[in-house]
Amino acid sequence: FAETRARGNQILNLNLTMGNAPKIAKAEQDLTYALRFDAVSPRKFRELAIMRTGQILNAPYELHAHRPLLLACGYTEAQVAALPHWRDSALFDDKERALLAYVEGMDKGGEVDDATFAAMKRYFTPQEIMELTVITAHYYGTALLTKTLEIKPETDNRGAAPGKC
């Protein structure tokens, strides 16, 4: 937990549960921190991908943890509310729509069609696509983990540090 505290983060219920397997927890934390702090893709798009993945999987822990981060990245309450029905909403631009279609394809068994991938290539660099793919896959796994192990969202003032957006 020392690295978590050194980065200004609090020990969350997910960290406490992962602590039961310290080496696995460290590897997972390294990937999470690389995605959060070292990626070049704009943070707002990473958070959008995480939130949509959490919604698709109905993952309370991820939704609770990442909603404030999505808002900190400039998304509005109206956009958060519209996210499950983004295709019918005028609140998302073409770049966000490309990402949301990609995330939904990934979250439905990796079924990303050619048109969806072409839209991603139009708006994102190869590195950004790789990062957004890894973050979606990673948080898909995290959502399954938190649901399977019934990790409860924090009910106190602990929360993930927003980082830079």
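Everything discussed here concerns the structure shown above.
Residues numbered from 1 in each chain as written. Predicted model: local features only at pLDDT ≥ 70, side-chain atom pairs only at ≥ 80, totals over all residues. Heavy atoms only, no water.

Enquirer: Explanation requested: empty space enclosed by the protein in the structure shown.
Expert: Empty space among the atoms becomes apparent when a probe as large as a water molecule is rolled across them. Considering all chains together, one arrives at two cavities of 30 Å³ or more under this definition. The space that makes up the largest cavity amounts to roughly 280 Å³. In terms of lining, the largest cavity is formed by 18 residues, of which the most central are Leu12, Leu14, Asn15, Thr32 and Arg36. Elements with a minimum of two residues in the lining of the largest cavity: helix H2 (13-18), helix H3 (22-38), helix H5 (60-72) and helix H9 (126-148). Counting residues per element, the lining of the largest cavity draws most heavily on H3, which supplies five residues. Split by residue class, the lining of the largest cavity holds seven nonpolar, eight polar and three charged. By volume, the second largest cavity is sized at about 40 Å³. Every residue along the wall of the second largest cavity is listed here: Thr32, Leu35, Arg36, Arg43, Arg46, Glu47, Ile50, His66, Ile135 and Tyr139. (1 Å grid on protein atoms, 1.4 Å probe; cavity = no way out; pocket = protein on both sides within 12 Å on 5 of 7 lines; lining within 4 Å. Points joined across faces, edges and corners; volume = space filled by probe spheres on them. Helix = DSSP H or I, 4+ residues; strand = E, 2+ residues; numbered from the N terminus. Nonpolar A, V, L, I, M, F, W, Y, C, P; charged D, E, K, R; others polar.)

Enquirer: Sorry, what's going on with the pattern of salt bridges here?
Expert: Two side chains that carry opposite charge are able to pair once their charged atoms sit near each other. Inspection of every chain in the model, using the stated rule, returns seven salt bridges. As a salt-bridge pair, Asp30 and Lys26 come within 2.7 Å of each other at their nearest N and O atoms. Of the two residues, Asp30 and Lys26 are both situated in helix H3; the distance of four residues between them amounts to about one turn of the helix. On the basis of relative accessibility, which here comes to 38%, the residue Lys26 falls in the partly exposed class. For the salt bridge of Glu77 with Arg67, the shortest nitrogen-to-oxygen distance reads 2.2 Å. Taken together, the positions of Glu77 in helix H6 (residues 77-82) and Arg67 in helix H5 put the pair ten residues apart, joining distant regions of the chain. Residue classification places Arg67 among the partly exposed positions, given a relative accessible area of 34%. Salt bridges here are not isolated pairs; linked through shared partners, they connect Glu3, Lys26 and Asp30. (Salt bridge = Lys/Arg side-chain N within 4 Å of Asp/Glu carboxyl O. Buried < 20%, exposed > 50% of the residue type's maximum accessible area, 1.4 Å probe, protein only.)

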